[in-house]
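Structure at a glance
Listed below, chain by chain, are the residues.
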Amino acid sequence: MGSDPGPVQIVTVCKENHSFALDTEALARVLLAPEVRDKHVVVLSVAGAFRKGKSFLLDFMLRYMYREDEENWLGGVDEPLTGFSWRGGSEPETTGIQLWSEVFLIQKSDGTEVAVVLMDTQGAFDDQSTVKDCATIFALSTMTSSIQIYNLSQNIQEDDLQQLQLFTEYGRLAMDEIFLKPFQSLMFLVRDWSFPYEYTYGLKGGNEFLDKRLQVKEAQHEELQTVREHIHSCFTNISCFLLPHPGLKVATSPAFQGQLSDVAPEFTEELRRLIPTLLQPDSLAEKEINGNKVTCRGLLEFFKAYIKIYQGEDLPHPKSMLLATAEANNLAAVATAKDQYYKNMEKVCGGDLPYVAPDSLEEKHHFFFKESLHAFSSTKKMGGQEFCDRYQAQLETELGEMWESFGKHNQSKNVFSAFRTPAVLFVLVCLLYVLSGVLFFIGLGTIALACDCALGLAMMAMLTWAFIRYSGRYRAVGGTIDQAAGVLLEQATVVMNKSRGTSPAEQKKTS
């Protein structure tokens, strides 16, 4: 790992095709160091929107881990902040997922020693990440961490809870069958809290505020209740910490390097409470999966397994609210148009209605087909023309399939069609019987015997066909007999047309 510890990139995101790659070697260098690989692991991760100070916060955690025995672990007032890469400004800094290269061994009061890993994640909702990218990063960090810090700005809004629901559900989908709550500790860290007169800074005020935000009430809309119930069902422990604004110099000065002299005193004071609350030895929760504690070696294997799932196509792709709404809107229009076509065709040839001439039925089909397409195109839909065209093509395909089904249903009502095979076989038996008698009369006994054999086969075929129709068994054999009867009828029709001097094309026109 080298002499100087630093951030290690373990998950990278390819911006071109929005795929993910796990650097197994880099992760192994961190987790398989001899002194930590068999220790139970504690993973603390910070996730949330981009440019909200996640890496900045993690660097103060690093200071605590390196100086926890010192009373003034925050350091000197002019000391620059180092560790995970961070900077001011509006552009994102961290990409993918990073771990600090040094794993910290901490002894708890009961004498057990645990390995503490700090994880930094790419900020969500930047201008280069899809919803799938954001969901995957958040889900991976939540699945592999024992303490997930959800970094928010100013308040816990409803869209923050909905995004948390989407991301955690995406993580839960990737996990095997779960009998316990899938994830462990979640802390809502609300930055720049502006209402200390309602709820005080820190953990106590934060938990009071969170209880109100996550409360499920009977008067709430079902959608709001579902979001809150989902969050409660995913995490074994949920808390909230309210942090004040760090000061204008931190937010606006390009020269700010993390020195405490430029940070608001009340922010420093709350930071002095927050970090030990998370990282003091007896607060550390070892990573568990399905109730079993995980070692550093085991965590490496879970990372490998989870990244394979997100690299595959087994999981549904999460979508933006606009895309999901547009899809639902277009699918509803498709369903309405299909229903209109179905009802119209049912009135013409459905159920117990009599057989309809094929030409007449096809004419009705074309009319109702155009009506259904018009109904789809006249419905107001979201997503733009190109997006809607895909669903119109889907509608046309499905209407074509329905037309084939109606055509077959109508054809089954044709009495001649239903009795075509036995009629052909009966006529064949009669012809062979007469032909056999004539041949025997004129002294061609051998040929007459051949006709009798053919007659016997025809009668067996007719009896077999009747048994198959009655019992419903050996349908493949019945299909072969139907096909053979169709060929005989077609050949007989061709011979008759030739004897009358009429071409098949002329025969079709006259018919």
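Right, let's walk through the structure included here.

Topic: the overall build of the protein
- Within the protein, the secondary structure is distributed over 17 helices and eleven strands.
- Out of the 511 residues belonging to the protein, those deemed buried represent 42%.
- In the protein, the proportion of contacts linking residues at least 24 apart, taken out of those at least 6 apart, comes to 74%.
- For the protein, the computed accessible surface area is about 27600 Å², with 56% contributed by carbon and sulfur atoms.

Some words on the pattern of salt bridges
- This model, assessed by the stated rule, comprises 13 salt bridges.
- Between Arg297 and Asp38 there is a salt bridge, with the nearest N and O atoms lying 3.0 Å from each other. Of this pair, Arg297 sits in helix 9 (residues 296–311) while Asp38 is found in the loop between helix 1 (24–31) and strand 3 (40–48), placing the two residues 259 residues apart along the sequence.
- Exposure remark for Arg297: the relative accessible area of 39% places this residue in the partly exposed category.
- Note on Asp38: relative accessible area 53%, which makes it exposed.
- Arg67 is the salt-bridge partner of Glu79, the closest N and O atoms lying 2.4 Å from each other. With a gap of twelve residues between them, Glu79 in the loop between helix 2 (54–67) and strand 4 (97–100) and Arg67 in helix 2 connect regions that are remote in the sequence.

Observations regarding the packing of helix 11 (residues 358–378) against helix 12 (residues 385–411)
- Interhelical geometry of helix 11 versus helix 12 gives an angle of 155° and a closest axis separation of 11 Å. Viewed along their axes, helix 11 and helix 12 adopt a mutual orientation that is roughly antiparallel. Handedness of the crossing formed by helix 11 with helix 12: right-handed. Across from Leu361, Glu362, His365, Phe369, Ser372, Leu373 and Phe376 in helix 11, the residues of helix 12 making contact are Cys388, Tyr391, Gln392, Leu395, Glu396, Leu399, Trp403, Phe406, Gly407 and Asn410.
- Taken together, the residues of the contact of helix 11 with helix 12 sort by class into ten nonpolar, five polar and two charged.

Section: the packing of aromatic side chains
- Tallied over the entire structure, the rule returns 14 aromatic pairs.
- Aromatic pair Tyr64 and Trp73: ring centres 5.2 Å apart, planes at 85°, arrangement edge-to-face. The pair Tyr64 / Trp73 is uniform in exposure class, with both members buried.
- Residues Tyr66 and Phe104 carry aromatic rings whose centres are separated by 5.0 Å and whose planes lie at 80° to one another, so their mutual orientation is edge-to-face. Of the two residues, Tyr66 sits in helix 2 while Phe104 sits in strand 5 (residues 104–107), which places them 38 residues apart along the sequence.
- According to the relative accessible area criterion, Tyr66 is partly exposed, its value standing at 39%.
- For Phe104, a relative accessible area of 5% gives the class buried.
- Of the aromatic side chains, those joined through ring pairs into one cluster are Trp193, Phe195, Tyr197, Tyr199 and Phe209.

Brief notes about the environment of Lys108
- If you trace the backbone, Lys108 turns up in the loop between strand 5 and strand 6 (113–121).
- Its relative accessible area of 13% is what places Lys108 among the buried residues.
- Lys108 sits 172 residues away from Gln280 along the chain, and the two C-alpha atoms are 8.8 Å apart.
- Contacts of Lys108, omitting those with residues within four sequence positions, involve Val114, Pro281, Asp282, Leu284 and Glu286.

As for helix 2
- Over its 14 residues, helix 2 extends 20 Å from the first C-alpha to the last, a length consistent with the 20 Å expected when each residue adds 1.5 Å.
- Burial runs high along helix 2: 13 of the 14 residues are buried.

Comments concerning the environment of Phe267
- Tracing the backbone through its elements, the reader meets Phe267 in helix 8 (residues 265–279).
- Residues Phe267 and Asp192 lie 75 residues apart in sequence; the distance between their C-alpha atoms is 9.1 Å.
- For Phe267, the contacting residues outside a window of four places in its chain are Phe56, Leu243, Pro244, His245 and Pro246.

Side note on helix 16 (residues 475–499)
- Taking 1.5 Å of rise per residue, the 25 residues of helix 16 would be expected to cover 36 Å, and the 36 Å separating its terminal C-alpha atoms lies within 8% of that figure.
- Those residues of helix 16 lying buried are Gly478, Ile481, Asp482, Ala485, Gly486 and Asn497.

Brief notes about the pairing of strand 1 (residues 7–14)
- Two elements, strand 1 and strand 4, share four bridges in a ladder whose sense is antiparallel. Following the sheet pairing, Val8 is matched in strand 4 by Leu99.
- As judged from the four bridges shared by strand 1 and strand 2 (residues 19–22), these two strands associate in the antiparallel manner. For Cys14, the partnering residue across the bridge sits in strand 2 and is Ser19.

A few points about the packing of helix 14 (residues 420–441) against helix 15 (residues 445–471)
- Across the interface, helix 14 lies against helix 15 with an axial gap of 8 Å and an inter-helix angle of 160°. Relative to helix 15, the element helix 14 is oriented roughly antiparallel. Relative to helix 15, the crossing made by helix 14 is left-handed. Here helix 14 contributes Thr421, Pro422, Leu425, Phe426, Leu428, Val429, Leu432, Tyr433, Leu435, Ser436, Leu439 and Phe440 to the contact with helix 15, which in turn contributes Gly445, Ile447, Ala448, Cys451, Asp452, Ala454, Leu455, Ala458, Met459, Ala461, Met462 and Trp465.
- Broken down by class, the residue content of the contact of helix 14 with helix 15 amounts to 20 nonpolar, three polar and one charged.

Conventions and cut-offs
Residues numbered from 1 in each chain as written. Predicted model: local features only at pLDDT ≥ 70, side-chain atom pairs only at ≥ 80, totals over all residues. Heavy atoms only, no water. Helix = DSSP H or I, 4+ residues; strand = E, 2+ residues; numbered from the N terminus. Buried < 20%, exposed > 50% of the residue type's maximum accessible area, 1.4 Å probe, protein only. Contact = heavy atoms within 4.5 Å. Areas by Shrake-Rupley, 256 points an atom, 1.4 Å probe, with all protein chains shown as cover. Salt bridge = Lys/Arg side-chain N within 4 Å of Asp/Glu carboxyl O. Axes fitted to C-alpha atoms, helices over the stretch in contact; angles between N-to-C directions. Parallel < 35°, antiparallel > 145°, perpendicular 65-115°, else oblique. Left-handed = near helix turned anticlockwise from the far one by under 90°. Nonpolar A, V, L, I, M, F, W, Y, C, P; charged D, E, K, R; others polar. Phe/Tyr/Trp six-rings, centres within 6.5 Å; stacked < 30°, edge-to-face > 60°. Expected span 1.5 Å × (residues − 1). Pairing = 2+ DSSP bridges.

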